[in-house]
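What follows is the residue order along each chain.
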Amino acid sequence: MKVGLFFGSFNPIHVGHLIIANVILEEAKLDELWFVVSPQNPFKASKQLAHEFDRLRMVELAIEDHWKFRASDIEFHMPRPSYTSDTLAWLSDRYPNHHFQVIMGEDNLVNFPQWKNHETILNQYGLIVYPRPGSKKSELLEHPNVHRVESPQFNISATFIRKLIKKNRSPKYLLPNSVIDYIVGKGLYN
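Calculation criteria
Residues numbered from 1 in each chain as written. Predicted model: local features only at pLDDT ≥ 70, side-chain atom pairs only at ≥ 80, totals over all residues. Heavy atoms only, no water. Helix = DSSP H or I, 4+ residues; strand = E, 2+ residues; numbered from the N terminus. Rg over C-alpha atoms; globule rule 2.2 N^0.38 Å. Buried < 20%, exposed > 50% of the residue type's maximum accessible area, 1.4 Å probe, protein only. Salt bridge = Lys/Arg side-chain N within 4 Å of Asp/Glu carboxyl O. Expected span 1.5 Å × (residues − 1). Contact = heavy atoms within 4.5 Å. Core = buried A, V, L, I, M, F, W, Y, C linked by side-chain atoms within 4.5 Å. Axes fitted to C-alpha atoms, helices over the stretch in contact; angles between N-to-C directions. Parallel < 35°, antiparallel > 145°, perpendicular 65-115°, else oblique. Left-handed = near helix turned anticlockwise from the far one by under 90°. Nonpolar A, V, L, I, M, F, W, Y, C, P; charged D, E, K, R; others polar. Lys, Arg positive; Asp, Glu negative; His and termini not counted. 1 Å grid on protein atoms, 1.4 Å probe; cavity = no way out; pocket = protein on both sides within 12 Å on 5 of 7 lines; lining within 4 Å. Points joined across faces, edges and corners; volume = space filled by probe spheres on them.

1. So, the overall build of the protein
Okay, so step 1: Regarding its fold elements, the protein presents seven helices and six strands.
Okay, so step 2: The N-to-C order of helical and strand elements in the protein reads β-α-β-α-β-α-β-α-α-β-β-α-α.
Okay, so step 3: In terms of overall dimensions, the protein is globule-like: its C-alpha atoms have a radius of gyration of 16 Å, near the 16 Å expected for 190 residues.
Okay, so step 4: With the principal axes as the frame, the protein shows a C-alpha extent of 45 × 35 × 30 Å.
Okay, so step 5: Looking at the protein as a whole, 49% of its 190 residues qualify as buried.

2. Quick look at the pattern of salt bridges
Okay, so step 1: Evaluation of the coordinates by the stated rule reveals nine salt bridges.
Okay, so step 2: Between D54 and K186 there is a salt bridge, with its nearest N and O atoms 3.4 Å apart. Taken together, the residues span a long stretch of sequence, with D54 in helix α2 (residues 52-63) and K186 in helix α7 (residues 177-186) at a distance of 132 residues.
Okay, so step 3: Among the residues examined, D54 registers a relative accessible area of 11% and is labelled buried.
Okay, so step 4: Of the residues examined, K186 reaches a relative accessible area of 48% and is grouped as partly exposed.

3. Looking at helix α1 (residues 15-27)
Okay, so step 1: When the terminal C-alpha atoms of α1 are compared, their 18 Å separation across 13 residues agrees well with the 18 Å that a helix rising 1.5 Å per residue should span.
Okay, so step 2: When α1 is considered as a whole, its buried residues turn out to be G16, H17, L18, I20, A21, I24 and L25.
Okay, so step 3: Considering only its buried residues, α1 is in contact with β1 (2-8), β2 (32-37), α2, β3 (69-72), β4 (99-105) and β5 (127-130).
Okay, so step 4: Within two residues after α1, K29 carries a phi angle of roughly 55 degrees, on the positive side.

4. Examining the nonpolar core
Okay, so step 1: I13, I24, L33 and F35 are the most contacted members of the largest nonpolar core, which has 38 residues in total.
Okay, so step 2: Among the secondary structure elements, those contributing two or more residues to this core are α1, β2, α2, β5, α6 (158-166) and α7.
Okay, so step 3: Top contributing element to this core by residue count: α2, with six residues.
Okay, so step 4: By size, the runner-up hydrophobic cluster in this structure holds 23 residues, among which are V3, F7, L109 and F112.

5. Focus: the packing of α2 against α7
Describing two packed helices takes the angle between their axes plus the distance from one axis to the other.
Okay, so step 1: At their nearest, the axes of α2 and α7 sit 8 Å apart, and the two run at 150 degrees to each other. In terms of orientation, α2 and α7 fall into the roughly antiparallel class. Helix-helix and strand crossings are classified by hand; for α2 and α7 the assignment is right-handed. Packed against α2, whose contacting residues are D54, R57, M58, L61 and A62, the element α7 presents S178, V179, Y182, I183 and K186 at the interface.
Okay, so step 2: Per-class residue counts for the contact of α2 with α7 are six nonpolar, one polar and three charged.

6. Some details on the side chain of R162
Okay, so step 1: Tracing the chain through its elements places R162 in helix α6.
Okay, so step 2: One buried charged residue, R162, forms no salt bridge at all, with the nearest opposite charge on D54 at 13 Å.
Okay, so step 3: The residues touching R162, leaving out its near neighbours within four places in the chain, are N11, P12, Q48 and Y189.

7. What about the layout of surface pockets?
Okay, so step 1: Looking at the second largest pocket, its volume works out to about 160 Å³.
Okay, so step 2: Every residue lining the second largest pocket is listed: Q48, L49, A50, T159, R162, K163, K166, Y189 and N190.

Structure representation (structure tokens):
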């Protein structure tokens, strides 16, 4: 089974994530796409993060009607900060019949050589890269294990959405309604 792993804080998950995930699923001919909710990104401060279980639940709500999407809490059970290479090794041991590929925005490709065990990730798993506004070109795009997928480019940020919510403004159309209801019900990002 060919599985794309879309890692992220998803703080909160928004329509940009969902549209890109669906395009990648189709264009990269994946059997499934897993949203791997990261409890703590080693490159981001954690003080603005909603609780990991809230972020996981929002992903579950956002994807509940798509049978090829999965929400994963695998990194909740791993040492922190979580590193993609460690997650991939664990998943490969647990699911030996799956071929995993890492999904990332083109803006992250420039910094990819700074990732722990980046060469192992690149050579054993491969990357599916989608364009991002203002991304610098990386020579890694020429690597045979890097598959660039054409997709719409969105400049929707979770930071912007959190600011809207904090100002008591509606994030309608930026988030699935089920996610908005969850945020309101839990009083997140106020």
